[in-house]
Every structure is written in structure tokens, then in C-alpha cells.
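So the chains spell out like this:
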Amino acid sequence: MKKWQLLVGAVAVVGGLYLLNQKLSQKPTQYIPGGPAATADGVGAQPRAEFGVGFLPVT
Amino acid sequence: MTQHSASGTVFKAQKFTDFPSMKEALIARKIDATFMIAPLAMKLASDGVPVKICYLGHRDGSALVVGKDSPIRDFKDLAGKTVAIPSRFSNQNLLMQRMMKKNGMPIDSMVLKEVPPPEHPSALASKAVDAFIVGEPHPSKAELEGYGRVLYLMKDLWPEFISCVLVVREEVILQQRPLVQELVDGIAASGEWLDEDRETGAQHRKDAAFVVGNMFYSQKPELLEHVLTKPIDRVSYTNLMPPKETFDEIMDLAVETKVLPRRMEFAEYVDTSFAPDLLKVDVPFDRLPMPTEAQLAATKAASQPKPAEPAKK
């Protein structure tokens, strides 16, 4: 096998791993009922889900 | 709302300064849910945005305010005047229409001017408007700063008045039901906690004024304590299940005044299935955890305006 073929193969593998990493990183946080809970102040705990709630400081 | 629920979900509170940008964030799925004025939520549903009203934020909590030395003494005196409203799609707008009808006044007997809520007090102070109707703490601000006088609290005009409601995107309701339930249970529990010692000193409300004023609203705790305690029923946080009869009335008013293009059935825009049995709601604390000195200092520093960068040559 020629050097340039090895180089193309290596680039393809690195590129594939990069894309796979990107995809896995984009996976949204899953809500797991009954999963481990955060402490009341959230310190030192892994939240099991996130949820964005908007508000305006007005009643 | 606390940042962390007892069971481990992070509810990220995102502050907005106006309803149009909040609406856009909800449409663009930048947020999963929001507290929004009820008719605006109904308009979104009417426009085909997949959202449902799942709970109320509070009851009452708005006021009609006039200048301190204004000759306006009752609703009919507002004829020919300019009154600021938070939005065309607000229940405050519909209440004004309802009151004009009730008093036999033509619908054009006063000018209703849309003004963003935080600008209501300054508009009154500068006499750009003769009165304003909006949610707290803006009426209390005008009162405490000495240029506003409450003509009516909402509880006196439309008892159990509905202003802001919890709106949730439908795909979240379908796919993350336990999360929505956790959120609604948390709102119900917070409401129970805020109202449960109202007749015995209202320490819970005083705690809430301190924490929310410093940590979330960046407003003076004294102002929020005024809102929550003077009088004690100025705003209430129980009985928050969306009531069909009241929403039908809001819908009829909205269609009649052309705020909404068509009448919708209650089930088209409301989902009451998350509203918990209040007798079973667990309030997980007695006193609210107070922020530490370091947290207060960090919040104060974050709210300070940043110095302008020097102009580049």
C-alpha cells in the first residue's frame, strides 16, 4: 500500500472519530425517573435533567 | 422558583424584559416553558404554535394606578384619559374592556397605550400617561416612590384575576411528562408555602422577598415585601388550576375585542392534567434557605453595569 493511501485512510478515520464525538456530545440530557438526585443546593451533584423556564419580573 | 428541585432536576430560570422576546424564545425552543400573560399564550395556540397552558402563576397581583394628586377617583373618571397597558394580548387590556362595558362606556372612551411593564412607573411620573394597569411590583414602585396612587387592586375589580400562566411546549408535555409534573408540583408547593402563614405574620413571604429580590429579580427586597404583604391579599399563590369558566370568559372577551381571531375550546389550549391535589402537595421546607454573604455579593456584582470599553482608534 502506498504512503498516500495510508495518509488518506488515517485522515478518514480521524474525521470519522471527530464527527462521532460531535454527535455524541449533542445528545440531549435524558430524564431518568428515579435517577440519583442532586442535593438541595446542587453542590457536588450531577443533575439528572435540565429544563429552561422563562419569566418576566412582573406578576 | 428554586434553581434545584429536591429530586435533582435543574430548572434554569431565564429572565426576559419584554413579552415579545419571550414569545420568540418559546417558539424557537430556546426555552421549554415560560410564565406568560394568558391571552398571549392563547394567541400562540391559535396561531398553531404547539403550546398548552398547564398551570397559573398566581392570582390577582396587578393594580390600576393613577398619579398621586390626580383628580381621578373612580373608573368612569378615566374617560378621555390615556392608560398604559402591558400588551394588547394581556388580561389587563381585557379587564379594561370588561370594565368599560360594565360601566356603559364606549370602547373608545379612553386610549389604551401598550407600554413595556418596567416603563409604566416612569411613564406615569413623567405624565406621558394618566394611569397604568400592570402586574406587580410596578404599581408598588409608583406608590413607594411617591408619585402613584392605587385606584383599584385587581382583587376589587375582577376577583381571582388571572395574569401570568405557565405555558409548556407540547412535545415536552408528550416526551418529558415527569419533568413537567415536577415543575408544576414545585410551583404548587411554593404557592402553598407562600400562602400558608399569611394570617400569622407572613414570615414566608418576607423570606421570599429577600431571596427573590437579591438573587433573581435584582429588585429591592423592601419593594417585594410591600407587594407580598400590603395588603396581604394583594397577590395570592393558591387555587392555581386553570379554571374553565374564567378562561371561557377571557376567550369571549378576546374574540369580541378582536384580540384573538377565532374562538377556541378550552381543551385546545389548556392541559389541566398536571394540576396536583393541593392536599397531597409536599412542601419540602419551612424556612427558605437564605443566600450566603458571598452569594449576595456575587449577585450584586453581576447586576452592576459594566464600564464602557474605551473607543478604538
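Residues numbered from 1 in each chain as written. Chains lettered and ligands numbered in written order. Predicted model: local features only at pLDDT ≥ 70, side-chain atom pairs only at ≥ 80, totals over all residues.

## Remarks on the overall build of chain A
When helices and strands are tallied, chain A shows 1 helix and 1 strand. Looking at chain A as a whole, 19% of its 59 residues are labelled buried. (Helix = DSSP H or I, 4+ residues; strand = E, 2+ residues; numbered from the N terminus. Buried ≥ 20, exposed ≤ 12 C-beta atoms within 10 Å, placed from the backbone.)

## Things to note about the overall build of chain B
Scanning chain B from terminus to terminus reveals 13 helices and 11 strands. Computed over C-alpha atoms, the radius of gyration of chain B comes to 20 Å, within 12% of the 20 Å expected from 2.2 N^0.38 for 313 residues, which places it in the range of a compact globule. Projected onto the principal axes, the alpha-carbon positions of chain B cover approximately 60 × 55 × 50 Å. Burial analysis of chain B (313 residues in total) assigns 42% to the buried set. (Rg over C-alpha atoms; globule rule 2.2 N^0.38 Å.)

## Side note on the sheet that holds strand β1 (residues 49-55) of chain A
Taken in spatial order, the 5 strands line up as β1(B)-β1(A)-β2(B)-β10(B)-β3(B) in an open sheet, and their pairing is mixed. Bordering the open sheet on either side are β1 (9-15) and β3 (51-56) of chain B, each of which pairs with just one other strand. Strand after strand, the sheet turns through a mean of 30° between neighbouring axes, direction not considered. Where β1 of chain A meets strand β2 (residues 33-37) of chain B, 2 bridges bridge the pair, whose relative direction is parallel. By the bridge assignment for β2 of chain B, V53 of chain A is matched with A33 of chain B. Along the sheet, helix α2 (residues 38-46) of chain B contacts β2, β3 and β10 (164-169) of chain B; its crossing angle with β2 of chain B, the most-contacted strand, is approximately 115°. (Pairing = 2+ DSSP bridges. Axes fitted to C-alpha atoms, helices over the stretch in contact; angles between N-to-C directions. Contact = placed C-beta atoms within 7 Å.)

## Quick notes on unusual backbone geometry
Across the chain, the bulk of peptide bonds are trans and the bulk of non-glycine residues have phi less than zero. All names here are of chain B. The linkage connecting E136 with the following residue, P137, adopts the cis geometry, with an omega of 10°. Here P137 shows up in the loop between β8 (131-135) and α5 (138-144). Backbone torsion omega between K230 and P231 reads -10°, so that peptide bond is classified as cis. With respect to the helices, strands and loops of the structure, P231 is situated in the loop between α10 (221-229) and β11 (235-236). Phi angles above zero are rare outside glycine, and D60 is one such case at about 60°.

## Side note on the packing of helix α8 (residues 177-196) of chain B against helix α9 (residues 203-217) of chain B
Residues and elements named next belong to chain B. Running from N to C, α8 and α9 point in directions that differ by 120°, and their axes come no closer than 6 Å. One finds that α8 runs oblique with respect to α9. Residues W193, L194 and E196 of α8 lie in contact with α9, whose contacting residues are H204, R205 and A208. Split by residue class, the contact of α8 with α9 holds 3 nonpolar, 1 polar and 2 charged. (Parallel < 35°, antiparallel > 145°, perpendicular 65-115°, else oblique. Nonpolar A, V, L, I, M, F, W, Y, C, P; charged D, E, K, R; others polar.)

## Here's the deal with the pairing of β1 of chain A
Where β1 of chain A and β1 of chain B come together, 7 bridges link them in parallel fashion. Pairing of A49 of chain A across the sheet is with T9 of chain B, part of β1 of chain B.

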